[in-house]
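As a plain string of letters, each chain reads:
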Amino acid sequence: TITAPAQESQAPAAPAGLSKFAVSDTYYQSRIGAVRVFDADGSNEVIIPNPTGRSDDNFGRGGLNNNIALNTTKVAVGAVSARKTGAGNAEFGAAYLFNHDGTGGQQITASNATHDDRFGSSVALTETKLVVGAYKNNNYTGAVYTYNLDGTGEQYIACPDTFLQMGSGVDVQGDKFVAACKAGGDAYMFKTDGAGEVVLTSSDGTDGDQFGTTVAINSTKVVVGARYNSNYAGAVYVYNHDGSGEIKINYPGSVNNAGFGSRLSCNENKILILATDGVWICNLDGTGLVQVTTQVYSYIDMASDKILGVNVGWPNNPQFVDIM
C-alpha cells in the first residue's frame, strides 16, 4: 500500500509492463490539480501540476471515466474545463501530454471546440496515438478525437447516434479504440482514423441497464459494462472486435445493488471488474471468476500481472493506492 500525500486521489493508470503508474490528485494546491507519477514500487514520485494554475480546470478529474493515461514515455491528462489559449473564458476543455518526468508539456485542444464540450473527459494512449473523449460535443451526442503524440493529425469521430454522449470513456489498443456512452445503450469501436465503425449492443439488454457506460479493450476482445443490469446487480459483456461472440458475465455475489461492471480494465488474459462489494477478476471467456478483494476502490486498473486500486479520500481522510 502506498499512502498518497494528496487530499483526493482519482483514477490510476499504468502502461502494460507496470514500470510506472500514475494517479491524479485533484485537490493538489487548492484544487489546481496534479498528476503523481511513481515507479512500480511506489518510489521516485514526480508531481506534475496543472500548467495553467487554475483551480477550476478540473485537471485530471474524472467520473466513471479515466482521464489520465500512460504509455512507456508519456502521461496524458484531461482537463474538461480548461480554457483554450487565446480564447477568453470559454471552457473548451483540453488534453495535456507530459514526459514521465513532467517535462515537455503541451496542451491539445479540439479544432472545432465549443464551450462545455467536455473535451478531455476521457483519454487513452498508445505509443503513437492519443485518444480524447468529448461527451457533450454536438449537443450531447458526443465525439472522440485522435491525435499523433505531437498534437498533429487530428481525427474527429462523431457519435453515429444522437444524445448518447459518446466519449465519456475511452480505451485504446493498437489502431482501435472503444468509446463509452454516458447515457448508456451502446458502445462504439473505431479505428483511430475513424474508419471501421462497430456498434456494440447487448442481446438481452433493457432500458436503464447502463450498458456501454464502462469499456475496455485488448488486442482481440472488447469488454462492456452494464452496471444496472438485472435490477442493479450489474453484468459485463465480452465481444470480439467485430462485435460477434457475445459472452455475458453475471454478478455472482449476493449484495443488493452491486453495480458489477461499474469500472473495468483488461489485459490479454484477464478482465478486472469493480462492484460495490470489491474487485473481481476472470478469464476473457468469463470462466474462473473470483473475488480479488472486498476492499471497495474508487478506481481500478490492471497492467501485466498487477492490479492497481485507488481509494478516493476527501479532505482530511486517508487515501491510498494498492498494488496487488
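Residues numbered from 1 in each chain as written. Predicted model: local features only at pLDDT ≥ 70, side-chain atom pairs only at ≥ 80, totals over all residues. Heavy atoms only, no water.

A.B. asks: When you look at the overall build of the chain in this model, what are you seeing that I'm missing?
C.D. replies: Tallying secondary structure elements over the chain gives three helices and 28 strands in all. Over its C-alpha atoms the chain spans a radius of gyration of 18 Å, differing by no more than 12% from the 20 Å that the globule rule assigns to 324 residues. In terms of overall dimensions, the chain has C-alpha extents of about 50 × 45 × 30 Å along its principal axes. Within the chain, contacts between residues separated by at least 24 positions form 44% of all contacts whose residues are at least 6 apart in sequence. Accessible surface, the chain: about 12,200 Å² in total, of which carbon and sulfur atoms supply 45%. When the 20 basic and 31 acidic side-chain charges of the chain are each reduced to a single mean position, those positions are 4 Å apart. (Helix = DSSP H or I, 4+ residues; strand = E, 2+ residues; numbered from the N terminus. Rg over C-alpha atoms; globule rule 2.2 N^0.38 Å. Contact = heavy atoms within 4.5 Å. Areas by Shrake-Rupley, 256 points an atom, 1.4 Å probe, with all protein chains shown as cover. Lys, Arg positive; Asp, Glu negative; His and termini not counted. Charge placed at Lys NZ, Arg CZ, Asp CG, Glu CD.)

A.B. asks: Hey, could you run me through the sheet that holds strand β23 (residues 270-275) in this one?
C.D. replies: Strand pairing in a sheet relies on backbone hydrogen bonds, with the paired strands running either antiparallel or parallel. Strand order in the open sheet formed by four strands is β22-β23-β24-β25, and the pairing between neighbours is antiparallel. Every other strand in the sheet has two partners, leaving β22 (263-266) and β25 (290-293) as the edge strands with one partner each. Strand after strand, the sheet turns through a mean of 25 degrees between neighbouring axes, direction not considered. (Pairing = 2+ DSSP bridges. Axes fitted to C-alpha atoms, helices over the stretch in contact; angles between N-to-C directions.)

A.B. asks: What's the story with the pattern of salt bridges in this structure? I'm lost.
C.D. replies: Enumeration according to the criterion identifies ten salt bridges in this entry. The partner of R118 in a salt bridge is D116, with the nearest N and O atoms 3.5 Å apart. A salt bridge links K136 to D116, with the nearest nitrogen and oxygen atoms 3.2 Å apart. Of the two residues, K136 sits in the loop between β11 (129-134) and α2 (137-140) while D116 sits in the loop between β9 (106-108) and β10 (119-125), which places them 20 residues apart along the sequence. For K136, a relative accessible area of 18% gives the class buried. Put simply, R54, D56, D57, R83 and E91 are held in one network by salt bridges that share partners. (Salt bridge = Lys/Arg side-chain N within 4 Å of Asp/Glu carboxyl O. Buried < 20%, exposed > 50% of the residue type's maximum accessible area, 1.4 Å probe, protein only.)

A.B. asks: Which parts of the structure should I look at to understand the packing of aromatic side chains?
C.D. replies: Geometry of an aromatic ring pair is reported as the spacing of the ring centres plus the angle between the planes. Going through the model one piece at a time under the given rule, you end up with 16 aromatic pairs. Aromatic side chains F119 and Y147 sit 6.4 Å apart centroid to centroid with 85 degrees between the ring planes, which places their arrangement in the edge-to-face category. Taken together, the residues span a long stretch of sequence, with F119 in strand β10 and Y147 in strand β12 (residues 143-148) at a distance of 28 residues. In terms of burial, F119 and Y147 fall into one category: buried. When the ring of Y251 is compared with that of W280, the centres are 6.1 Å apart and the planes differ by 80 degrees; the resulting orientation is edge-to-face. Of this pair, Y251 sits in the loop between β21 (247-250) and β22 while W280 sits in strand β24 (residues 278-283), and the two are 29 residues apart along the sequence. Exposure class is identical for Y251 and W280. Each is buried. Each residue in the set F119, Y145, Y147 and Y156 is aromatic and connected to the rest through ring pairs, giving one cluster. Lying across the ring of Y299, R263 places its NZ or CZ 4.0 Å from the centre. (Phe/Tyr/Trp six-rings, centres within 6.5 Å; stacked < 30°, edge-to-face > 60°. Lys NZ or Arg CZ within 6 Å of the ring centre and 35° of its normal.)

A.B. asks: Is there a simple way to think about the pairing of strand β7 (residues 74-79) in this case?
C.D. replies: Regular strands place side chains that alternate from one sheet face to the opposite one. Judged by how many residues are buried, β7 sits mostly within the fold: six of six residues are covered. With three bridges joining them, strand β6 (residues 68-70) and β7 adopt antiparallel strand pairing. Pairing of L70 across the sheet is with V75, part of β7. Linking two consecutive strands that pair antiparallel, namely β6 and β7, is a turn of three residues. Two elements, β7 and strand β8 (residues 94-99), share six bridges in a ladder whose sense is antiparallel. Note that in β8 the partner of A79 across the bridge is A94.

A.B. asks: Explain the nonpolar core to me, please; I cannot follow it from the model alone.
C.D. replies: Grouped burial of nonpolar side chains is what soluble globular proteins tend to show. F119, L130 and Y147 are the most contacted members of the largest nonpolar core, which totals 18 residues. Within the residue set of this core, elements represented by two or more residues are β8, β10, β11 and β12. Counting 17 residues, the second largest nonpolar core, distinct from the first, contains A216, I249, I271 and C282. (Core = buried A, V, L, I, M, F, W, Y, C linked by side-chain atoms within 4.5 Å.)

A.B. asks: Please explain the environment of F163 as it appears in this structure.
C.D. replies: Tracing the backbone shows F163 in the loop between β13 (155-158) and β14 (166-173). On a C-alpha basis, the gap between F163 and G185 in space is 11 Å, while along the polypeptide they are 22 residues apart. Excluding its chain neighbours within four sequence positions, the residues that come into contact with F163 are N139, Y140, T141 and A183.

A.B. asks: Could you clarify how one ought to interpret the sheet that holds β10 in this entry?
C.D. replies: Across the sheet, four strands lie side by side as β10-β11-β12-β13; this open sheet has antiparallel pairing. Edge positions in the sheet fall to β10 and β13, since each of these pairs with one other strand and no more. Neighbouring strand axes in the sheet, compared pairwise and without regard to direction, differ in orientation by 25 degrees on average. The pairing of β11 with β12 spans six bridges and is classified as antiparallel. When the sheet's bridge partners are listed, L130 is paired in β12 with Y147.

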